[in-house]
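Close look at the chain arrangement
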Amino acid sequence: GHIEVLKNKLSASEMTRQRDVETIRFTADEAFELLQKSMRDFQRVTKEKESRYEEAIAALSKEINETRKTMQEELDVLKTERETMVSMATVLRYELSEFHVREDVTRKELEKVKDLWRRDVDTLKVQLRSERNHTARLELWIASMHDDVKYYLKEIKLREDRLLSKQKE
C-alpha cells in the first residue's frame, strides 16, 4: 500500500517536473526568438543609419573635391590673366619710351589697368580666404561626423557584447 502511494507521488512529481521543464524551455525559446528579432531589427536600423552617414560623407567629400577643382581652375585662369596683364604692362612701358608725346595718356591707361588688377587680386584673395575657411569648416564637419559614426559603431558593438554575455548567462 504505502509503496504504491509513494510510487504514485513520485510519478506525479516527475510528470510535474517534466511539465515545468517543458514550460521553461518553451518560455526560454520564445524569449530567445524575441531577443533575436529585436537584435536583427536593431542591426538593420543601425546599418541603414551607417549607410546614410557614409553616403553623406561621400557626398561631402565629392563636394569638397569639386570645390577644390573649381577653385584651382579659377586660380589657373587668374594666373593666366595676371601673366597677360604683366605682359601688357611691359609693352606699355616700352611704348612709353618710344612715344613721349603720348606719355600722359599711356600712363593714365596703365594706372587704370593696375588699379583694376589690384582690385581683382584683392577681391580674389578675399574670395580665396573665404573658400579656404569654408573648406576647413566642411572638413571639420566631416571629421565630427566620422567621429559620431565611430562612436555609434562602438556603442553597437558594446550592446551586442552585452546581449551576447546575457545570452550566455
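Model, not experiment: these values are computed from the prediction.

Procedures and definitions
- Residues numbered from 1 in each chain as written.
- Predicted model: local features only at pLDDT ≥ 70, side-chain atom pairs only at ≥ 80, totals over all residues.
- Heavy atoms only, no water.
- Helix = DSSP H or I, 4+ residues; strand = E, 2+ residues; numbered from the N terminus.
- Rg over C-alpha atoms; globule rule 2.2 N^0.38 Å.
- Buried < 20%, exposed > 50% of the residue type's maximum accessible area, 1.4 Å probe, protein only.
- Contact = heavy atoms within 4.5 Å.
- Areas by Shrake-Rupley, 256 points an atom, 1.4 Å probe, with all protein chains shown as cover.
- Lys, Arg positive; Asp, Glu negative; His and termini not counted.
- Charge placed at Lys NZ, Arg CZ, Asp CG, Glu CD.
- Salt bridge = Lys/Arg side-chain N within 4 Å of Asp/Glu carboxyl O.
- Core = buried A, V, L, I, M, F, W, Y, C linked by side-chain atoms within 4.5 Å.
- Expected span 1.5 Å × (residues − 1).

**Focus on the overall build of the protein**
For the protein, the helix and strand inventory stands at two helices and zero strands. For the protein, whose C-alpha radius of gyration is 39 Å, the value lies well above the compact-globule estimate of 15 Å for 169 residues. The principal-axis extent of the C-alpha atoms belonging to the protein is close to 145 × 15 × 15 Å. Here the protein, with 169 residues, has 9% of them falling under the buried criterion. Contacts spanning at least 24 positions in sequence make up 86% of the contacts within the protein whose residues lie at least 6 apart. Approximately 14,300 Å² of the protein is accessible, and the part contributed by carbon and sulfur atoms is 57%. Charge-centre separation for the protein: the mean point of 35 positive side chains lies 4 Å from the mean point of 36 negative side chains.

**Focus on the pattern of salt bridges**
Tallied over the full model, the rule gives six salt bridges. With its nearest N and O atoms 3.1 Å apart, the salt bridge here joins Lys37 to Asp41. Remark: Asp41 and Lys37 occur in helix α1 (residues 2-98); sequence separation between them is four residues, near one turn of the helix. Judged by its relative accessible area of 30%, Asp41 is partly exposed. Note that Lys157 and Asp161 form a salt bridge whose closest N and O atoms lie 3.3 Å from each other. Here the residue Lys157 and the residue Asp161 both occupy positions in helix α2 (residues 103-168), the gap between them amounting to four residues, near one helical turn. For Lys157, a relative accessible area of 46% translates into the label partly exposed.

**Description of the nonpolar core**
If you look at the biggest cluster of nonpolar residues, it comprises six residues: Ile57, Leu60, Ile64, Leu138, Ile142 and Met145. Sorting the residues of this core by element identifies α1 and α2 as the ones contributing at least two each. Ignoring sequence-local partners within four residues, the contact set of Ile57 consists of Ile142, Met145 and His146.

**Thoughts on α2**
Helix length check: α2 (66 residues) gives 96 Å between terminal C-alpha atoms against 98 Å at 1.5 Å per residue, within 8%. When we look at burial in α2, the residues that qualify are Thr106, Leu110, Thr135, Leu138, Ile142, Met145, Val149 and Ile156.

Geometric descriptors of this kind do not, in isolation, establish any biological role.
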